2 protein chains.
Amino acid sequence: MTKEEVRGATEEEQQAQSKKALKKQQKEAEKAAKKAEKQAKLAAEQQSTEEDDFAKDRYGVLAMVQSQQKLDRTLVRVQDLTPEKADQLIWLRARVHTSRAKGKQCFLVLRQQQFNVQALVAVGDRASKQMVKFAANITKESIVDVEALVRKVEQKIESCSQQDVELHIERIFVISQAEPRLPLQLEDAVRADGEGEEEGRATVNQDTRLDNRVIDLRTTTSQAIFRLQSGVCQLFRDTLTKKGFVEIQTPKIISAASEGGANVFTVSYFKTSAYLAQSPQLYKQMCICADFDKVFCVGPVFRAEDSNTHRHLTEFVGLDIEMAFNYHYHEVIDSITDTMVQIFKGLRDNFQTEIQTVNKQFPSEPFKFLEPTLRLEFTEAVAMLREAGVEMGDEDDLSTPNEKLLGRLVKEKYDTDFYVLDKYPLAVRPFYTMPDPSNPKYSNSYDMFMRGEEILSGAQRIHDAQLLTERALHHQIDLEKIKAYIDSFRYGAPPHGGGGIGLERVCMLYLGLHNVRQTSMFPRDPKRLTP
Amino acid sequence: MTKEEVRGATEEEQQAQSKKALKKQQKEAEKAAKKAEKQAKLAAEQQSTEEDDFAKDRYGVLAMVQSQQKLDRTLVRVQDLTPEKADQLIWLRARVHTSRAKGKQCFLVLRQQQFNVQALVAVGDRASKQMVKFAANITKESIVDVEALVRKVEQKIESCSQQDVELHIERIFVISQAEPRLPLQLEDAVRADGEGEEEGRATVNQDTRLDNRVIDLRTTTSQAIFRLQSGVCQLFRDTLTKKGFVEIQTPKIISAASEGGANVFTVSYFKTSAYLAQSPQLYKQMCICADFDKVFCVGPVFRAEDSNTHRHLTEFVGLDIEMAFNYHYHEVIDSITDTMVQIFKGLRDNFQTEIQTVNKQFPSEPFKFLEPTLRLEFTEAVAMLREAGVEMGDEDDLSTPNEKLLGRLVKEKYDTDFYVLDKYPLAVRPFYTMPDPSNPKYSNSYDMFMRGEEILSGAQRIHDAQLLTERALHHQIDLEKIKAYIDSFRYGAPPHGGGGIGLERVCMLYLGLHNVRQTSMFPRDPKRLTP
């Protein structure tokens, strides 16, 4: 093979890349070159002053951490910087939240998640003029390693989480440099609506936040929201595990759009096509038929609904429950409402800091709930709404505004933000819902509400293959497509029921937020697929 | 509007259903009719004998439980049927595992999950001849409510989990009838390979099992496997939560096939198309850049790989970890291996019954592991393999047979079923893998193995946008498509690493099973999308 031929492969590969891509890449390369140039300049500057800088080994930009060495150094956490650490020399890694030169000093705020501390580099026997200048020029959001003396302060530092100490920096090294222009400022992103309006201070709109989610997630509010969300999942699972539930994993790629076929995403599956599960409904029921007795699962559910509202996502996290019961589906309601109450209590007792952090930016009333949970019947709700002037038929579903209104009426009358609405009209529920034995117009089904918005939909399910077939036919569902599902009930099935909870909605409503995108890390809606 | 027009809508709807579907539905209807007829016959038979049956109110087929009433009745669990309950009259709900008439008696085995108990209906003052006949005719897998006297037995009942007592049935009611022909027999489904071969006893092949998963999941083996799997998830999360990790939820629908573009499922997304995430890789890294410091997630991952092997699924559950570290990625390896060790210990200490149940059908050696976990370098592994006669280049990846062989060599030499292989050749790893600082042919990456099969792949990731861009270009990845990802590292990013664990593989290999479909409730592979 000639040299040309060998090189030919490379050329072909290059040709395979489109011109447009090539252009982009050139642009990237230029950008990188610029950055390199800038760094070189910085290094040169440092070099030029090094000769007369006694502190030259005490600061600088370090080479990228590539695991060159195992350093035996303890890094202290910002939240652990308390007066007990006074006069200790410690190492710390943190982000530069702000830096500000002031004469021969440079004041920094160093941040770790929701915690921050004031730090200081001052010209003296541990720091040179050049070192102070270096510190002042570190870009916001860069990550630094500092060695510093912890000093107790006379007057509390109100602007920091660590109010009783400050750090006197003796060494400072940049671990990772942030680009100088941030797409959004963290202090703007945590500003409450209307706050600082007279001073002309900015807030950040939702698209900018979501487009730059990696930075938006660094705010104290975001950190609090998603730590609380992690808590909701844990409380959900721990409560159910204690009650004897088993966690299951259900497939998300399914062969047939089971729940009627509307609003389902299609997936190319080798030579055929498949769908994304709109819920684990059928699988958790199959687990009940397979003797798992009580099951739960936590996982993504997909809805191809072109709804651009504050509470709809095309992908969200479902907290799903299904259980066999003995004689009455209220056993299921009791299990679910108790689980919700345990979640509310756990949040109230263990996440007060997070709740208050979020409240600073988004004020809301504390979430109220009753024990045992209030349960109303659908007909009672209709009566309450009619009394409030709403016109609706007995078998009409609740509209979103009516749900909200009902939430306010219930709050006024019962002083609770959480309640169950039981016995929905059969006509507005899925085909697998068990009809009410005493009134065929109604059903053994329920929704649960937080602050007037639905967070769970559930029911006693039909566990008899014959009745299930009848109801599917009534709903004009192609029996062939749900054969595996119906067959699950042919070999003995216990009476059972359950429900599915939307994680993002629970977090949004518990915290009194107004958009479900605030409680989804990387939300998906008809118009947003990135980041 | 005329009457005809009103009815026209219904006719149109009917026409919308294809002839084929209609035919199916007629067939279904006929089937249902047959069943109804049969039930009527049964009822009639009962009716005809009722007049002269003093026990006629003590047995029968109950109406479907539709939550007609709240019955104040305690149902005892089979596992709680011990000699302490002797001479108590109790109520119980269970499946009829077997029933066998013998003269004036009928012996039943009643089952709840992995527990079962012997029960007896005998002609006497609490049961009539007709009642015994009724009990004998209840189809296997039907669910019954029984009232029975608990009796201590002289001789242990070896065939049941509750060996010290039996039930003397005084009332028996069918709650849910199983169809008489089961697609598979539970006793066949738990038979060990080769067992009972001489007697011509059947075992059940995998496709039959999976096609009838609802019944296959009722076996003691399946019950044990999936309870253990639930345990793995819980141990994984609890260990990491204790270590300060935060649980995150990452999107499964993504706008660009990030990891090179191969083996990815395409989704129709409104007017555009999207992809199913092959891993939460990019998102968990973005969380690290967003200061969550240490994160984990449990969720489905999707691989459009046309691999029909014992260990590949197109959808499986990923247990993912990502964490910032201080100076060396071995901090990450230590966190992950300790998590695995905590899982192994938790299973060993809390799931011994499940392990032994599975071992009965699928014998295997107990799983061995070391503390601390063994860590070998890739070059050491190559040397071991070469010594064993394998020919391979320094930068070749390990083939599956070589991984298996290496597993055996490591087991012989170090007596462990779990180890880490560190420092893979850079060429065989994804573009975002950090190169080894001391040898550019290698990388800061690792795999973990259980019984010679890979269960985790991980690495230190590149946290510098510039180097990441270079490596992506080297891999000829379209930069435009991973812009959001690369941009995440522009505003300060800590050094970090992690890995992704396949849940089904961990369960399979821990239990010494031979097919990953045994540890996936509803497995998905290129040829299987149902149930």
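Residues numbered from 1 in each chain as written. Chains lettered and ligands numbered in written order. Predicted model: local features only at pLDDT ≥ 70, side-chain atom pairs only at ≥ 80, totals over all residues. Heavy atoms only, no water.

- As annotated in an unreviewed UniProt entry, chain A carries the name Aspartate--tRNA ligase, cytoplasmic and comes from Anabas testudineus.
- Of chain A, the UniProt comment under Function (unreviewed entry) reads exactly: "Catalyzes the specific attachment of an amino acid to its cognate tRNA in a 2 step reaction: the amino acid (AA) is first activated by ATP to form AA-AMP and then transferred to the acceptor end of the tRNA."
- What the UniProt record of chain A gives under Subunit (unreviewed entry) is the line "Homodimer. Part of a multisubunit complex that groups tRNA ligases for Arg (RARS1), Asp (DARS1), Gln (QARS1), Ile (IARS1), Leu (LARS1), Lys (KARS1), Met (MARS1) the bifunctional ligase for Glu and Pro (EPRS1) and the auxiliary subunits AIMP1/p43, AIMP2/p38 and EEF1E1/p18." (UniProt positions renumbered as here; feature names shortened; annotations may be inferred.)

Describing the overall build of chain A
Part 1 of the reasoning: Within chain A, the regular secondary structure consists of 15 helices and 17 strands.
Part 2 of the reasoning: In terms of principal-axis extent, the alpha carbons of chain A reach across some 95 × 80 × 45 Å.
Part 3 of the reasoning: Intrachain contacts of chain A at a sequence separation of at least 6 include 69% that bridge at least 24 residues.
Part 4 of the reasoning: Total accessible area on chain A is roughly 23,400 Å²; 46% of this is exposed by carbon and sulfur atoms.
Part 5 of the reasoning: Chain A carries 72 positive and 79 negative side-chain charges, and their two centres are separated by 5 Å. (Helix = DSSP H or I, 4+ residues; strand = E, 2+ residues; numbered from the N terminus. Contact = heavy atoms within 4.5 Å. Areas by Shrake-Rupley, 256 points an atom, 1.4 Å probe, with all protein chains shown as cover. Lys, Arg positive; Asp, Glu negative; His and termini not counted. Charge placed at Lys NZ, Arg CZ, Asp CG, Glu CD.)

Quick look at a negative patch on the surface
Part 1 of the reasoning: Together, D193, E195, E197, E198 and E199 of chain A give the surface a local cluster of negative charge.
Part 2 of the reasoning: Within the secondary structure layout, E197 of chain A lies in the loop between α4 (186–189) and α5 (206–211). (Patch = residues over 30% accessible without salt bridge, like charges linked within 9 Å, V, L, I, M, F, W, Y side chains within 5 Å. Salt bridge = Lys/Arg side-chain N within 4 Å of Asp/Glu carboxyl O.)

A few points about unusual backbone geometry
Part 1 of the reasoning: Residue P531 of chain A is bonded to the preceding T530 of chain A through a cis peptide linkage, with omega at -5°.
Part 2 of the reasoning: Within the secondary structure, P531 of chain A is located in the segment after α15 (503–510).
Part 3 of the reasoning: Cis peptide bonds are those with omega within 30 degrees of zero, and the linkage from E371 of chain B to P372 of chain B qualifies with -5°.
Part 4 of the reasoning: Note that P372 of chain B resides in the loop between α10 (352–361) and β14 (374–377).
Part 5 of the reasoning: If you check the backbone angles, Q113 of chain B has positive phi at about 50° while not being a glycine.
Part 6 of the reasoning: Counting through the fold element by element, Q113 of chain B comes out in the loop between β4 (105–112) and β5 (115–122).

Notes on the environment of D415 of chain B
All names here are of chain B.
Part 1 of the reasoning: Inspection of the secondary structure puts D415 in the loop between α12 (400–414) and β15 (418–422).
Part 2 of the reasoning: As a C-alpha pair, D415 and E504 span 89 residues in sequence and 24 Å in three-dimensional space.
Part 3 of the reasoning: The contact partners of D415, leaving out residues within four places of it in the chain, are K368, L370 and V410.
Part 4 of the reasoning: A polar atom in the side chain of D415 sits 3.2 Å from the side chain of K368. (Polar contact = N/O pair within 3.5 Å; in protein donor to acceptor, adjacent residues only side chain to side chain.)

Structural notes on the sheet that holds strand β11 (residues 294–302) of chain A
All names here are of chain A.
Part 1 of the reasoning: Spatially, the eight strands line up as an open sheet ordered β7-β11-β12-β17-β16-β15-β14-β13, and their pairing is mixed. Only two strands of the sheet have a single neighbouring strand rather than two, namely β7 (246–247) and β13 (374–377).
Part 2 of the reasoning: Here β11 pairs with strand β12 (residues 315–324) via nine bridges, running antiparallel. Considered in β12, the bridge of G299 is made with G318.
Part 3 of the reasoning: Lying on the sheet, helix α8 (residues 281–289) is in contact with β11, β12 and β17 (496–502); it crosses β12 at an angle near 25°. (Pairing = 2+ DSSP bridges. Axes fitted to C-alpha atoms, helices over the stretch in contact; angles between N-to-C directions.)

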